[in-house]
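Coordinate inspection notes
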Amino acid sequence: MKSTTRRVATFLGMMLIALLACQPTFAADKPFTFGLLMVGPANDKGWSQAHFDAAREIEKNVPGTQMIYIDKVNPADRPGITVPTLVDDLVAKGAKLIIGNSDDMKDGMQEAALMHPDIYFVHISGDGALKGEASKNLSNLMGRMEYGKMMAGFVAALTTKTGKIGDLGPLINAETRRLSSSTYLGARYAWTHILKKPLKDLHYKVSWIGFWFNIPGVTSDPTLVMRNFIDSGYDVIVSGIDTTEALIVAGQKRKEGATVWAVPYDYKGACNEAPEACLGVPYFNWYPGYKDIITSAMNGKFSQQFLWLGPDWKDINNAETSAIGFQNGAALSAEHARALADFQQGLADGSIHLFTGPLNFQDGSVFLKTGESATDTQIWNLPQLLEGMEGASK
Amino acid sequence: MLMKTIQQHDLTHLVIRFFCITGLGFGAVCLLLFTLHLSPITIAKSMGSGALSNWIRISHMLSIWTPLLLCSSGLLFTFRAGLWNIGIEGQMIIGAICTTAVLRLPQAENSHALFPALAMAAGLCGGGIWGMCAGILKNRGGVNEIFGGLGLNFVAQGIILWLIFGPWKRAGIASMSGTNLLPHALWLTSPAGWRVAPVALVLSCLAFLLTALLLGNTRFGLRLTAVGKNSKASRLFGIKPELIGLTAMMLGGGLAGLAGGLQVTGVYHRLIPAISSGYGYLGLLIVMLAGYRAAAIPCIALFFACLAAGSIQLPIMLQIDSSLSGVIQGACVLSALLVHGFQTKRRNT
Amino acid sequence: MTLPAPDYCISLFFLFLQVQLFSRNDPFPFTMIELIDIHKYFGDVKALTGVSLQVNPGSIHGIVGENGAGKTTLMKVLTGYIHRTSGSILLNNEEITLHTPMDAIQLGIGMLYQEPLDFLQLSVLDNFMAGNERFSPETMSRILEKLSKRFGFEMQPDTPLHLLTVGERQQLELMRLIHVGTRVLILDEPTTGISDEQQELLFSALRSLRDEGCAIILVSHKLDEVDALCDQVSIMRKGTIVGHQQQPFNRNAILQAMFDTLPQKETAPARHQGNKEILKFTHVCSSNGRSGLDRISVTITQGEVIGLAGLDGSGQTVFLRIAGKLLEPESGTLQRFAAEDNESDSTDSQTVFLPADRLNEGLIPGMSIREHLLLADETPLVIFPETGRQKAKQAIDKFSIIGTPDTAADGLSGGNQQRLLLALIPTQARLILMENPTRGLDVQSGNWTWQHLLDQMPDNGAMIFASPDLEEILDHASRVLVFFDGKILLDSATSDTDFDEISQAITGRIKACS
């Protein structure tokens, strides 16, 4: 028995030595390497892919940059692995700047930033920089998706036949409350101002699945939630999750003869999954934000920022400049597309400002008095859903 | 002399098995990699360096090794008693929940020294009780421990999700991503440059040694083995197999619960739905590959920890999906089962 | 060129018969099976030693013999379940190889097992069709109906099988075997657990099959049914054929051959006979085992050595297990040891049970002699590699076990396993219960075992053993209990009975007398 143990130990020792001996060596010419941690798969046709594609574009267009990435950074996909350990790995591979693309990585990013003061960190969708929780080498970046979501709500309300709009929500936090409320405001505007219908006939319901994407056995299954929506008469579903279940189910239901539509989220090419059911997609374009932060980091001018980038109102679909956009879908009628263009114009010139009072919270308390407009801080930290929306606020 | 002593017999058996398994496993993996046009050497290099090239990585790898060692130790008890403790995942989860519950007590933040220890103990007890439930289901209800364990796993999963989404959710947030971080003071601290809490390392090594000692050198271990090898005959020796089995389930569950607790205090610093990280199931594998013997467990657990820790290099270095490490793991396990089955078959004919 | 006339005639005659009786597509209406010098060894155990047997077409051939004589092994060889070590099997004078049971089925050799091998969840028709390559319920239903009518069985195709009695399941299985072309039919104790009426039906079916030219082999303990049904009988003992008879049979000669001729035994070993009760059964019932126990009342006192005789599964095993507290009686009461010294914690260590299946029920495979002895004795809390080694060495010497303290129980030969079991009997044991204590042992080991047992038995204790070997019982027991169908049919001091009486009682032929 003893001799087996010894043999096994020797064997393992030899393996260890062999492995230690073959550490990789790094190339001499040093590109600026940035690391990207994605919460979902790099090809999710949603949130993570939007980041991945933007980073690829940076690699292509900003000379001297190189990306390394790890996707599926979440405990369900990668058990036992935490953000700080991944940051260690990326830093070991030469990363000078690390982007973490999920709200869920907040604690890990802040911890890693403390541990690596000479590395720059970008936490997407967080507000550690704003609130002063994060060390100086961490910035936040987010797009003003409120506008995109308003457009999504707008086309949804124009299109619905039943007056019932479903919102396939991820988890509940300030960000998702903000985005769902924006969708609702867009829908409400279209319903009351364009269609001139009474507000009481508009039904808006959010169903939260519990996370940004489906984790079997842990979250609600978005496919089932979608079917539920459709079976209870909701004919337009606006998705707030990172993946495309809403559109896919809507496409399937259309094949079965139902007249339903969906508005996916996050990724410019999301409509391709089921174009016939797609009214359009509000998407993030991370390229401008990334370019801004990475180039300043390359030039040694990185400073802590809280970047909340809006659309380029001259052309919200400009890949170079607009941080968010709205891609019209094949299912959007020409008439509605015209109305949407007018709506976008109104948003751009400030004649339409939807976060303006009177607005109440879901529990009836006053959010904005008549004529009062919400500040960025109020919108960013929205504590509740708005009056008229159905679904949990907390 | 035709007769062989246990030692001689098992030694040759184990050595043959070891080489067959590694040979088959590596062969299968290499074949797979070649068909994918990947060089096994590059893969091995990047995974190896990812797990072992410096202390940070080694210590990270050890942070995976720790719960694996604990779970495997726990499973040794149950396997020895002839029980399949599939419920180990649930026992880990309940252990993690109990630990979190203690650390969430309002008093916890003020008595830093006491509460982490108390929390560990709570994890141990919680897992133990959960293990005992499966044992009682078996003894009293005649529910096979595999089904009982599976059922209890679902219950534990349900409880943890409910807690994270319900009573223990973060303020204003309802996300499946986990509870609030524990106050820093309640973490198991690791020295700078360490990715594993020394306390966790020491605890699991102690637990393992204690397990080996209990199984190999005590009356309890002998009785446990007797029950596992022939529970019918053990009765004739005045042993109560039900009682022994129950104790084994309790001990096994306790160690799994401790592993869960260490995941909370040492690794994630919060409760997350995937707190067990599948380490329980991996533990089952480790113990089976180790031939249900203590001696080989640390090494095999080390191997799996290296695979898990090193796999993250695949996407970084080679843009290969890291699930490949799962494939490697699977290939090893299948080869192990194959070799084992083959040996058993040959012995029987 | 002329053919030898007799052969020619016979061929013609056969051809004639074939056309006459079987216009169906049967290539061999008359099937003859011949076994030549079959040997089968399981390791060192010689299960069959040179069995030669010929079963003619159109006859029913009985095979009798006590338990362990090798009947079942022989049948398993014939049906391809186990491979013979040597010897050949001829089917219609052609040597056949039987690798799998399927081979046997294709050659037309079928067996009706004691417990029908069928699917309880399925219907009668489903079971009848099972194993058929084509799925055609209507055709099969018609065939089933026809066969039922022919044999006089009554069976609804839709009935779920679990509603049928064992006898009916047997009928179904018989029809299925006939339908798949079985021409050599083997029956293993077919009348166990079926009613008299069903037995009559079965027998008439078998007779009609015989008249059609089937070769039928009937394995049985029951001489009555062999008498009633068989044309000839072969008697097996200790792995070989020891006798052969044609009708009419000589019952006594058969019994003699089955159990070997005995020198009328001298005397049962003289023991101190106290009248202190060691074990008392009062109206004990159990449904365990094949026959269960049917209101057993018996008292066993100090100094008695009780031999339990009977066919396998007649109740002896259940009796022993209840006595050993391994089973609870379902009704009735059991008292062990006289009331005055019945301290509850000591009675368990005073009773010891040695099962027949040593490796599966008595010993722990993979554990060493030393570990067994440690477990049996008062185990110390902490065990070092040297703990108990000395004691193990002593026991190995004392019990002449061939092995070392580290030899695993499953590495020991059968005899040495039995010696180890004996070594595990605690010295304070007062009630020793044994199933077949010399099973698988050669004469020498058997004698050694008995010598040891009788030496070790304390004066204030008792010993109860079950054995299929009447010789063993008459040699070593002071009293014999003969079980039949869960009842004690004969209870007598061995000095007051004899071989014939016991062997008759085993087959259920005398009235209870106690």
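Residues numbered from 1 in each chain as written. Chains lettered and ligands numbered in written order. Predicted model: local features only at pLDDT ≥ 70, side-chain atom pairs only at ≥ 80, totals over all residues.

**Details of the overall build of chain B**
A count of helical and extended segments in chain B gives 14 helices and zero strands. By the compact-globule yardstick of 20 Å for 349 residues, chain B fits well, its C-alpha radius of gyration being 21 Å. Projected onto the principal axes, the alpha-carbon positions of chain B cover approximately 70 × 60 × 30 Å. Considering chain B as a whole, with its 349 residues, one finds that 57% of them fall into the buried category. Sequence separation of at least 24 residues holds for 77% of the intrachain contacts in chain B that already meet a minimum separation of 6. (Helix = DSSP H or I, 4+ residues; strand = E, 2+ residues; numbered from the N terminus. Rg over C-alpha atoms; globule rule 2.2 N^0.38 Å. Buried ≥ 20, exposed ≤ 12 C-beta atoms within 10 Å, placed from the backbone. Contact = placed C-beta atoms within 7 Å.)

**Things to note about the packing of helix α5 (residues 114–141) of chain B against helix α10 (residues 241–268) of chain B**
All names here are of chain B. Where α5 meets α10, the closest approach of the two axes is 6 Å, and the angle between their N-to-C directions is 145°. Of the two possible hands of crossing, α5 and α10 adopt the one that is right-handed. Here the contact of α5 with α10 is built from residues that sort into 13 nonpolar, 15 polar and one charged. (Axes fitted to C-alpha atoms, helices over the stretch in contact; angles between N-to-C directions. Left-handed = near helix turned anticlockwise from the far one by under 90°. Nonpolar A, V, L, I, M, F, W, Y, C, P; charged D, E, K, R; others polar.)

**Topic: unusual backbone geometry**
Leaving glycine aside, a negative phi is the common case for residues, and trans is the common case for peptide bonds. With an omega dihedral of 0°, the bond running from Gly 357 of chain A to Pro 358 of chain A counts as a cis peptide bond. Relative to the assigned elements, Pro 358 of chain A resides in the loop between α11 (334–349) and β13 (359–360). Residue Pro 248 of chain C follows Gln 247 of chain C across a cis peptide bond; omega there is -10°. Structurally, Pro 248 of chain C is set in the loop between β10 (240–246) and α9 (251–259). Backbone geometry at His 269 of chain B places phi at a positive 60°, although glycine is not the residue there.

**What to know about the interface of chain B and chain A**
With 38 residues of chain B at the interface, the matching set in chain A holds 42 residues. Mapped by element, the contributors of at least two residues to the side of chain B that touches chain A are α1 (6–35), α2 (40–52), α3 (55–80), α6 (145–165), α10, α12 (297–310) and α13 (313–318) of chain B. Its residues assigned to classes, the side of chain B that touches chain A comprises 25 nonpolar, eleven polar and two charged.

**A look at the domain arrangement of chain B**
All names here are of chain B. If you check the domain split of chain B, you get domain 1 (1–34 + 319–349) and domain 2 (63–310). Tallying the contact residues gives seven residues for domain 1 and seven residues for domain 2. At the level of elements, α1 and α14 (323–348) are the ones that each hand at least two residues to the side of domain 1 that touches domain 2. Here the side of domain 1 that touches domain 2 gets five residues from one element, more than from any other, and that element is α14. Here the residues of the side of domain 1 that touches domain 2 are counted per class, giving four nonpolar, two polar and one charged. (Domains from an automatic or database assignment.)

**Concerning the arrangement of the chains**
There are two pairs of chains in contact here; the most contacts are made by chains A and B. These two, chain A and chain C, are apart from each other, with no contact and a minimum C-alpha gap of 13 Å.

**Describing helix α6 (residues 145–159) of chain A**
The terminal C-alpha atoms of α6 of chain A, which comprises 15 residues, lie 21 Å apart, in line with the 21 Å expected from a rise of 1.5 Å per residue. Within α6 of chain A, 15 of the 15 residues are buried, which leaves the element mostly enclosed by the surrounding structure. (Expected span 1.5 Å × (residues − 1).)

**A look at the domain arrangement of chain C**
For chain C, the domain assignment lists domain 1 (25–259) and domain 2 (277–506). The C-alpha centroid of domain 2 of chain C is placed 35 Å from the C-alpha centroid of domain 1 of chain C.

**Focus on the interface of chain B and chain C**
Many authors give the size of an interface as the accessible area that is lost as the parts come together. Across the contact, 20 residues belong to chain B and 28 residues belong to chain C. A breakdown of the residues in the side of chain B that touches chain C according to their chemical character gives seven nonpolar, eight polar and five charged.

**Here's the deal with the nonpolar core**
In this structure, Leu 68, Ile 286 and Ala 305 of chain B together with Val 482 of chain C are the most contacted members of the largest nonpolar core, which totals 365 residues. For this core, the leading source of residues is α10 of chain B, giving 14 residues. (Core = buried A, V, L, I, M, F, W, Y, C linked by C-beta atoms within 7 Å.)

**What about the environment of Ile 159 of chain B?**
Tracing the chain through its elements places Ile 159 of chain B in helix α6. Separated by ten residues in the primary sequence, Ile 159 of chain B and Lys 169 of chain B place their C-alpha atoms 13 Å from one another.

**So, helix α14 (residues 389–398) of chain C**
Residues and elements named next belong to chain C. Listed in full, the buried residues belonging to α14 are Ala 392, Ala 395 and Ile 396. An end-on view of α14 places all buried positions within 100° of arc, on one side of the element. For α14, exposure combined with an orientation more than 90 degrees from the buried face picks out Gln 390, Asp 397 and Lys 398. On its buried face, α14 sits against α13 (369–376) and α15 (414–423). Count one or two residues on from α14 and you reach Ser 400, which has phi positive near 50°. (Arc of directions from axis to C-beta.)

**A few points about the sheet that holds strand β15 (residues 351–354) of chain C**
Residues and elements named next belong to chain C. The strand order β15-β16-β17-β13-β18-β19 describes an open sheet built from six strands, whose pairing is mixed. A strand with exactly one partner marks an edge of an open sheet, and here the two such strands are β15 and β19 (487–493). Strand-to-strand twist of the sheet, defined as the mean angle between neighbouring strand axes without regard to direction, takes the value 15°. Both β15 and strand β16 (residues 431–435) contribute to a ladder of four bridges, which runs parallel. Pairing of Phe 353 across the sheet is with Leu 433, part of β16. (Pairing = 2+ DSSP bridges.)

**With respect to the confidence of the model for chain B**
Chain-level statistics for chain B give a pLDDT mean of 86 and a share of 96% at 70 or above. In this model, residues 1–7 of chain B is a region of pLDDT below 50 whose contacts with residues beyond four sequence positions or in other chains number 13 contacts. (pLDDT = per-residue confidence, 0-100.)

**A short note on the environment of Ile 165 of chain A**
Checked against the element boundaries, Ile 165 of chain A lands in strand β6 (residues 164–169). For the pair Ile 165 of chain A and Tyr 234 of chain A, spaced 69 residues apart in sequence, the C-alpha separation works out to 5.5 Å.

**Re the sheet that holds strand β4 (residues 120–124) of chain A**
Residue and element names in this part refer to chain A. Read across the open sheet, the six strands follow the order β2-β1-β3-β4-β5-β11; overall the sheet is parallel. The outermost strands of the open sheet, each flanked by one partner alone, are β2 (65–70) and β11 (306–309). Taking each pair of neighbouring strands and ignoring which way they run, the sheet shows an average axis angle of 20°. Pairing geometry for strand β1 (residues 32–37) and β2, over six bridges, is parallel. Counted as the bridge partner of Thr 33 is Gln 66 from β2.

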